[in-house]
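Listed below are the residues making up each chain.
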Amino acid sequence: MPPTHEVTNQVPPLVDFDAADHPALLEGLRREGAAWAEDDVRAIGRHAGSAQAQEWGRLAELRHPVLHTHDRYGHRVDEVEYDPAYHELMRVAVVNGLHATPWQSNRPGAHVARAAKMLAWGQADPGHICPISMTYAVVPALRHQPDLAAAYEPLLASTDYDFGLRTPNTKRGLIAGMSMTEKQGGSDVRANTTTATPLSDGTFRIVGHKWFTSAPMSDFFLTLAQAPDGLACFLLPRVLPDGTRNAIRLQRLKDKLGNRSNASAEIEYDEAVGWLVGEQGRGVRTIIDMVNMTRLDCVLGTSGGMLTGLRNAIHHARHRSVFGAKLVDQPAMVNVLADLAVETEAALTVAMRLAGAVDRATRGDEQEALFRRLALAVTKYWVCKRGPAHAAEALECLGGNGYVEESGMPRLYREMPLLSIWEGSGNVAALDALRAMATAPMAVAAVFAELDAVHGADDRLDQAVIVLRKELGDLDDIQYRARHIAETMALCLQGALLVRHGDPAVADAFCASRLGGEWGRAFGTLPRGLDTDRILARAYHFAEPNSNSRTSGS
Ligand SMILES: Cc1cc2nc3c(=O)[nH]c(=O)nc-3n(C[C@H](O)[C@H](O)[C@H](O)COP(=O)(O)OP(=O)(O)OC[C@H]3O[C@@H](n4cnc5c(N)ncnc54)[C@H](O)[C@@H]3O)c2cc1C
């Protein structure tokens, strides 16, 4: 009998890699003040790349969370049941302090270390990162109400993962969510219709609905509601201090494009009890401190997704032969891979710079707070906008195999648009950048200080900065031009960071293509004369699995 199922020219599985092992990530970690965390970052990176964690991610995404609205007797329970793999992922994230732990640390670089770990661990499964991110982000908003912060912050920072609906202060650790978006609008939260009526005991009765509330098994949510003196932020626990359930009804779970390991619910507040956070009339001002932190995580998540895509693309190209040569040696593929690598490094570099800005701003550095205000808005817009295109191109490097679920690439592709939609969809992020420029002119100066620091080092960058200044000087049709302005500033910032801190070959390729105009409209259109060997050598560095590889047929 002739062999009918001989498997040849398939690539070995990509397992047992270190998801943190990219020079731009590790250099950023050291540069931004967290060299002390490198061993921990590498350890969680290896865990993320282990067969076990990758399998948890696969299972958590495959076995969707199940909503139970009622028990068998008809009582409302409003609970979501997750696959055990989801809990394993959450446990590792919490044990490693990827959530609120840095807020309790005085150590400079704590937020940078956490950012690097997020980048690495998010590659095991992006879905569960949503509640981890919200639990991180909730702290600055909660601090608008010091008594609540004092009660909850230590539990939010706890490294015990204690799942289940119980009174928050009886638990070993807490997870928090955010509940703003209503049916009639998510970007324009000032139009929220949920109401908050003051009660004699100082709490508020909350009545209304929320169209999106992710991680509905969180211990509490920050929500927005119309109070007598204007829109306000409230803390709503799932379980009240007397042990009874707060009247938070989970109506249904969203049937999402991706991010399925994480549940996102439509909920109703049916005379639920809430505690005011901050002042009435300043709800947006309060919750924006949470939103800003999750925006950082959108940038980190996209950068981690780019690492995943690049790693898979290179791994495939190194092992797959076409027309008598390995893909990685085919010039057209070299251009595609190098272009993807440049995009990834640019994203990682600015992501780590922003994590450093958050860290220093948290410790009172006002200049860094100004820089973060504007740089985060333009970067959230641009890096997250690049995510889907990057994932599509990385997927295509695997050919048909990339279109098949088992490769993991469709999951990556489905995840990417979310990071652009959530916490300020494209236009909203770009318009927020304009708002930052108008309301905090010193933020513009802070970003230009970063650009000017490398003036004269690269003519293409210098020219791009001149164009940017001209753009900002023209206020006509400014909203119509919002995306272009945000993109231009984000590109100048990435270019300046790469020229100043990055690898010279990567910086050269970035400036030639993204700033100098020697580029097409798709990945793989870098100009000639670049050191692609060196660019790919940096990217190859992480692409080889640590373990002995097997072919898929063995
Ligand atoms: C998977 C998932 C999970 C989510 N989880 C949560 C959660 O936990 N909590 C929560 O509160 N929300 C959550 N959201 C909601 C999310 O934050 C909103 O979908 C998002 O803010 C956009 O709001 P919207 O859907 O109402 O769209 P709209 O506000 O209606 O916006 C639609 C489009 O119009 C654009 N737009 C808006 N304003 C302007 C303008 N002035 N000029 C030009 N264009 C504009 C936007 O960029 C967008 O492209 C989640 C969403 C998803 C997809």
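As shown above, the structure is provided for reference.
As a starting point, this report considers the structure included with it.

About the thresholds
Residues numbered from 1 in each chain as written. Predicted model: local features only at pLDDT ≥ 70, side-chain atom pairs only at ≥ 80, totals over all residues. Heavy atoms only, no water. Helix = DSSP H or I, 4+ residues; strand = E, 2+ residues; numbered from the N terminus. Rg over C-alpha atoms; globule rule 2.2 N^0.38 Å. Buried < 20%, exposed > 50% of the residue type's maximum accessible area, 1.4 Å probe, protein only. Contact = heavy atoms within 4.5 Å. Areas by Shrake-Rupley, 256 points an atom, 1.4 Å probe, with all protein chains shown as cover. Lys, Arg positive; Asp, Glu negative; His and termini not counted. Charge placed at Lys NZ, Arg CZ, Asp CG, Glu CD. Near = heavy atom within 4 Å. Polar contact = N/O pair within 3.5 Å; in protein donor to acceptor, adjacent residues only side chain to side chain. Nonpolar A, V, L, I, M, F, W, Y, C, P; charged D, E, K, R; others polar. Core = buried A, V, L, I, M, F, W, Y, C linked by side-chain atoms within 4.5 Å. Phe/Tyr/Trp six-rings, centres within 6.5 Å; stacked < 30°, edge-to-face > 60°. Salt bridge = Lys/Arg side-chain N within 4 Å of Asp/Glu carboxyl O. Pairing = 2+ DSSP bridges.

So, on to the overall build of the chain. A count of helical and extended segments in the chain gives 17 helices and eleven strands. For 554 residues, the compact-globule estimate of 2.2 N^0.38 gives 24 Å, and the C-alpha radius of gyration of the chain, at 24 Å, lies within 12% of that figure. Principal-axis analysis of the C-alpha atoms gives the chain an extent of 75 × 70 × 40 Å. Going through the 554 residues of the chain one by one, you find that 58% of them count as buried. In the chain, 74% of the contacts between residues at least 6 apart in sequence involve partners at least 24 apart. Carbon and sulfur atoms make up 51% of the accessible area of the chain, which amounts to about 22200 Å² in all. Between the averaged position of the 57 positive side-chain charges in the chain and that of its 67 negative side-chain charges there is a distance of 1 Å.

In the vicinity of the ligand lie 20 residues, with Met180, Thr181, Gly186, Ser187 and Ser214 positioned nearest. One of the backbone nitrogen or oxygen atoms of Met178 is found 2.8 Å away from a nitrogen atom of the ligand. Within the backbone of Met180, one N or O atom sits 2.7 Å away from an oxygen atom of the ligand. Relative to its free-state accessible area of 970 Å², the ligand is covered by the protein chains to the extent of 67%. Of all the secondary-structure elements, those providing two or more residues to the shell around the ligand are β3 (176–179), β5 (204–214), α11 (409–421) and α12 (426–439). Its residues assigned to classes, the shell around the ligand shows eight nonpolar, ten polar and two charged.

Our next topic: α11. Among the residues of α11, those classed as buried are Met409, Pro410, Arg411, Leu412, Glu415, Met416, Leu419 and Ser420. Each element contacted by the buried residues of α11 is listed here: α3 (51–62), α8 (283–319), α10 (366–397) and α12. Immediately beyond the C-terminal end of α11, within one or two residues, lies Glu423, with a positive phi of roughly 60°.

A general trend in soluble globular proteins is that nonpolar side chains are found buried together. By size, the foremost hydrophobic cluster in this structure holds 187 residues, and its most contacted members are Trp121, Leu156, Phe220, Leu222 and Leu374. In this view, Leu156 contacts His99, Ala100, Thr135, Val138, Val139, Leu142, Leu174, Ala176 and Phe220; residues no more than four positions away in its chain are not counted.

Moving on: the packing of aromatic side chains. By convention here, two paired aromatic rings are described through the distance between centres and the angle between planes. In this structure the tally under the stated criterion is seven aromatic pairs. For the ring pair Tyr82 and Phe163, a centre distance of 6.1 Å and an interplane angle of 85° mean the geometry is edge-to-face. Residue Tyr82 is found in the loop between β2 (76–81) and α4 (84–95), and its partner Phe163 is found in the loop between α7 (146–157) and β3; the two are separated by 81 residues along the sequence. For Tyr82, a relative accessible area of 8% puts it in the buried group.

The subject of this paragraph is the environment of Leu327. Mapped onto the elements of the fold, Leu327 is located in the loop between β11 (325–326) and α9 (331–362). On the accessibility criterion, Leu327 (11% relative accessible area) is buried. Remark: the alpha-carbon pair of Leu327 and Ala110, spanning 217 residues in sequence, is separated by 41 Å. Look past the residues within four positions of Leu327 in its chain and what remains in contact with it is His316, Ala317, Arg320, Ser321, Val322, Met333 and Cys397.

On to the pattern of salt bridges, then. What the rule picks out here adds up to 44 salt bridges. Two residues, Asp432 and Arg373, come together in a salt bridge whose shortest N-O distance is 3.0 Å. Of the two residues, Asp432 sits in helix α12 while Arg373 sits in helix α10, which places them 59 residues apart along the sequence. Judged by relative accessible area, which is 7%, Asp432 ranks as buried. Linked through salt bridges whose partners overlap, the residues forming this network are Arg31, Glu32, Arg353, Arg360, Glu368, Glu450 and Arg500.

Every regular strand shows the same layout, with side chains that alternate between the two sheet faces. Among the eight residues of strand β7 (residues 230–237), seven are classified as buried, and the element is accordingly described as predominantly covered. Where strand β6 (residues 220–227) and β7 come together, eight bridges link them in antiparallel fashion. Bridge assignment links Leu224 to a residue of β7, and that residue is Cys233. Taking the residues that link successive antiparallel strands as the turn, the β6-β7 hairpin has two residues. Bridge count between β7 and strand β9 (residues 264–277): three bridges; the pairing is antiparallel. Across the sheet, the residue bridging to Leu235 is Trp275, located in β9.

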